[in-house]
Amino acid sequence: MRIAVAQLTSRPADVTGNAAVLADLVGEAGAAGARIVTFPELALPGYELASLAADPTLWTAPDDPRLDPVRDACRTAGTAAVVNCAADGLLMSYVYGPDGELLTRYAKQHLHTGEDEVFRAGTGDGRFELDGVRFALATCFDNHFPEIAERVAADNCTVYLASSLYGRGNGEREIDAVYPALAKDFGLYVALANHVGQAGPYDTCGRSAVWGPDGTLLARADAKTPGLALADVPLTDRLTDLPTGLPTGLPTDMLTDLPTDLR
């Protein structure tokens, strides 16, 4: 199975405009053979906490008609999509299947500074299956709590999908520390979707990527260009198969005491 992570510069507080961009990227992922594409944290409204607090029209239910282009693109491309948004007081991911129907939803459990003034924390883990592969969902700061990945592995998931936002500087170092370590420590394929360009107050660093269960980097987008990174996941056991993809040979050592420079 081919999976994709997407990076983009979300338009501030523009659900309709961003949905159109997400739909285009779903189509692009499908054309490249991907069965699922994951988008960054708050990709739909943009990472605009003040606007979200002030404007209830930026919040979206799963059947919001502004998401019709995304659902239609899923149907046309035969590609599932993980869309991160604001919904019902939660920092939410909706997963739409290749038929455009809602597969599941997941609310971020560990809110970062400032987010807790807009959202309440989620209370459950996110799981779904596609083509026999079991997926797990997490959002940005969640990924700094290893117990979440421990539960993912215990639930026999193969792929860990992380919708995130990381800025330049410490955020870049955190990406290369946290995510390959999660992959290697828990025997998972880990897929990170990050913003690129300005996202709210943050100058984000892109570098969306996929790592294999041994911590090897399989695919990576660059630091400034909207688009996709793609990697292949075998449709068999996550712990016994070797990963396939486009290794780059980057180091994957875990850096243990980095300061947090993300949303």
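Residues numbered from 1 in each chain as written. Predicted model: local features only at pLDDT ≥ 70, side-chain atom pairs only at ≥ 80, totals over all residues. Heavy atoms only, no water.

**Q** Help me understand the pattern of salt bridges in this model?
**A** Between side chains of opposite charge, a pair can form when the charged atoms approach closely. Per the counting criterion, the structure on display carries 16 salt bridges. Note that Asp-155 and Arg-127 form a salt bridge whose closest N and O atoms lie 2.8 Å from each other. One end of the pair, Asp-155, is in the loop between helix 4 (146-154) and strand 8 (159-163); the other, Arg-127, is in strand 6 (residues 126-130), and 28 residues separate them in sequence. Arg-127 sits in the buried class, given a relative accessible area of 14%. For Asp-176, the salt bridge is made with Arg-207, and the minimal N-O distance between the two is 2.9 Å. With a gap of 31 residues between them, Asp-176 in helix 5 (residues 170-186) and Arg-207 in the loop between strand 11 (202-205) and strand 12 (209-211) connect regions that are remote in the sequence. When its relative accessible area of 22% is taken as the criterion, Asp-176 is described as partly exposed. Overall, Arg-207 belongs to the buried group, its relative accessible area being 14%. (Salt bridge = Lys/Arg side-chain N within 4 Å of Asp/Glu carboxyl O. Helix = DSSP H or I, 4+ residues; strand = E, 2+ residues; numbered from the N terminus. Buried < 20%, exposed > 50% of the residue type's maximum accessible area, 1.4 Å probe, protein only.)

**Q** I keep staring at the nonpolar core and nothing clicks. Help me out?
**A** If you look at soluble globular proteins, the nonpolar side chains tend to sit buried side by side. Counting 42 residues, the largest nonpolar core has Val-37, Phe-39, Val-83 and Phe-119 as the members making the most contacts within it. Every element with two or more residues in this core is listed here: strand 1 (2-7), helix 1 (15-31), strand 2 (34-38), helix 2 (49-54), helix 3 (68-77), strand 3 (80-87) and strand 4 (90-96). Ranked by the residues each element gives to this core, the list is headed by helix 1, at 7 residues. Setting aside residues up to four positions removed in sequence, Val-37 forms contacts with Ala-4, Ala-6, Val-26, Ala-29, Thr-79, Ala-80, Ala-81, Val-82 and Leu-228. (Core = buried A, V, L, I, M, F, W, Y, C linked by side-chain atoms within 4.5 Å. Contact = heavy atoms within 4.5 Å.)

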